[in-house]
2 protein chains.
Amino acid sequence: MKISTKGRYAVRVMLDLAANNTGECIKVKQIAERQGISEKYLEQIISILNRAGYVKSVRGAQGGYRIAKDPKNYTIGMILRLTEGSLSPVACLDGDVNECERCDTCETLSVWKDLADAIDNVVDNVTIADLLEKQQARLGAMAYMI
Amino acid sequence: MKISTKGRYAVRVMLDLAANNTGECIKVKQIAERQGISEKYLEQIISILNRAGYVKSVRGAQGGYRIAKDPKNYTIGMILRLTEGSLSPVACLDGDVNECERCDTCETLSVWKDLADAIDNVVDNVTIADLLEKQQARLGAMAYMI
DNA sequence: TTATTTCATACTATGTCAATAGGTTTTGGT
DNA sequence: ACCAAAACCTATTGACATAGTATGAAATAA
């Protein structure tokens, strides 16, 4: 019942790109350093985000990545589903075909449905913009402490 | 982000024991047959429930299992945590020690906290008695359809 | 004493996770 | 034209978890 590093790192990448979005290209190396994540592993994760169009890449020297749209367009749910696959707690709820022949008489299924709804409700109502805002509020508060 | 068969089967075992609780001992073989689960695998799962005192066992011939207390005493959350371990979506939230040194500045942590709360809120508010009630309501409705 | 049942432990095949490794391609700067 | 920097691509790896099987020991009612 754990979210893997892939999903968690993907969220942090999106937040990092949003927080450091100056219009310049951001290199994987920079993100890896800031986030303390293996550069090569990050490469794979960011390529998923790239193929989905969540980030835009520029190849070659001076290349790198930029967040594609405004951070408010990206929910945590979108990013997790993209990188992790389905967030539903049981396979029975995946896809439109219910291959389990016990589904009709399966009392536990309603619990898993409620659980899936609860999970969706959280992750689909937080955006990268929300996280960014919090981060900047914290950094602002920190500035007064110097 | 999936619940494993161990946890799901454990819930079904508890429900089965509750539904078929006549005071007589219920054998692993019977549960396995009713639930369509491997007998040997079930043995391992029920032994976890037994060691935790959720079920009572009687050894030897004519032995078997009985649910220990009234079904309303067992939430899905209890059963899942016992068999699956922690239900929190990230390791950062497990235990009292936060070994991650980024926790102070980790904006995503609040999302995982909300997610953990949402999950807990579902699984801790459904009991085996609730599932049993639903099952019996359905079986009652079925009887009229004959 | 025997059949039935729980109890305990070891084993196995498969898959996933979290990387690491080793390249190829693209491109700006010189 | 060349070089270095960067993205891009694919294969491989070691560790671990999952979902069982397999084998047998211990307990007990009949």
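These notes cover the structure that comes with them. (Residues numbered from 1 in each chain as written. Chains lettered and ligands numbered in written order. Predicted model: local features only at pLDDT ≥ 70, side-chain atom pairs only at ≥ 80, totals over all residues. Heavy atoms only, no water.)

**Concerning the pairing of strand β2 (residues 64–67) of chain B**
No. 1: Of the strand pairs in this sheet, strand β1 (residues 55–58) of chain B and β2(B) are connected by 4 bridges, and their pairing is antiparallel. Paired with Ser57(B) across the bridge in β2(B) is Tyr65(B). (Pairing = 2+ DSSP bridges. Helix = DSSP H or I, 4+ residues; strand = E, 2+ residues; numbered from the N terminus.)

**Digging into the packing of helix α1 (residues 5–19) of chain A against helix α3 (residues 39–51) of chain A**
Residues and elements named next belong to chain A.
No. 1: For the pair α1 and α3, the least separation of the axes is 10 Å and the interaxial angle reads 75°. The angle between the axes of α1 and α3 places the two elements in the roughly perpendicular class. For the pair formed by α1 and α3, the contact residues are Thr 5, Lys 6, Tyr 9, Ala 10, Val 13, Met 14 and Leu 17 on the first element and Tyr 41, Leu 42, Ile 45, Ile 46, Ile 48 and Leu 49 on the second.
No. 2: Of the residues belonging to the contact of α1 with α3, the class tally is 11 nonpolar, 1 polar and 1 charged. (Axes fitted to C-alpha atoms, helices over the stretch in contact; angles between N-to-C directions. Parallel < 35°, antiparallel > 145°, perpendicular 65-115°, else oblique. Contact = heavy atoms within 4.5 Å. Nonpolar A, V, L, I, M, F, W, Y, C, P; charged D, E, K, R; others polar.)

**Observations regarding the protein's contact with DNA strand D**
No. 1: If you check the shell around DNA strand D, you find 27 residues, and the closest are Lys27(A), Ser57(A), Tyr65(A), Lys40(B) and Gln44(B).
No. 2: One of the side-chain nitrogen or oxygen atoms of Glu43(A) is found 3.0 Å away from a base nitrogen of DNA strand D.
No. 3: Lys40(B) is positioned with one of its side-chain polar atoms (N or O) 2.8 Å from a base oxygen of DNA strand D.
No. 4: Where the surface near DNA strand D is concerned, the elements lending two or more residues are α3, β1 (55–58) and β2 (64–67) of chain A together with α1 (5–19) and α3 (39–51) of chain B.
No. 5: With 5 residues, α3(A) is the largest single contributor of residues to the surface near DNA strand D.
No. 6: The residue makeup of the surface near DNA strand D, split by class, is 8 nonpolar, 12 polar and 7 charged. (Near = heavy atom within 4 Å. Polar contact = N/O pair within 3.5 Å; in protein donor to acceptor, adjacent residues only side chain to side chain.)

**Let's talk about the protein's contact with DNA strand C**
No. 1: Looking at DNA strand C, there are 27 residues lining it, with Lys40(A), Gln44(A), Gly60(A), Ser57(B) and Tyr65(B) nearest.
No. 2: Near-protein atoms of DNA strand C (within 4 Å) split between backbone and bases, with sugar and phosphate holding 66%.
No. 3: Between DNA strand C and Gln44(A) there is a distance of 2.4 Å, counted from a base oxygen to a side-chain nitrogen or oxygen.
No. 4: Elements that contribute at least two residues to the surface near DNA strand C include exactly α1 and α3 of chain A together with α3, β1 and β2 of chain B.
No. 5: Ranked by residue count, the leading element in the surface near DNA strand C is α3(B), at 5 residues.
No. 6: Each residue belonging to the surface near DNA strand C can be placed in one class, and the counts come to 8 nonpolar, 12 polar and 7 charged.

**Points about the interface of chain B and chain A**
No. 1: The interface is formed by 38 residues belonging to chain B together with 38 residues belonging to chain A.
No. 2: Carbon and sulfur atoms make up 66% of the area that chain B and chain A hide from each other, which totals about 3,400 Å².
No. 3: Considering only the surface of chain B that becomes buried against chain A, Met1(B), Lys2(B) and Glu107(B) emerge as the three largest contributors, covering 24% of it.
No. 4: At the boundary of chain B with chain A, the tally comes to 4 salt bridges.
No. 5: At the boundary of chain B with chain A, the tally comes to 18 residue pairs in polar contact (both at pLDDT 80 or more). (Buried area = accessible area lost by both parts, 1.4 Å probe. Salt bridge = Lys/Arg side-chain N within 4 Å of Asp/Glu carboxyl O.)

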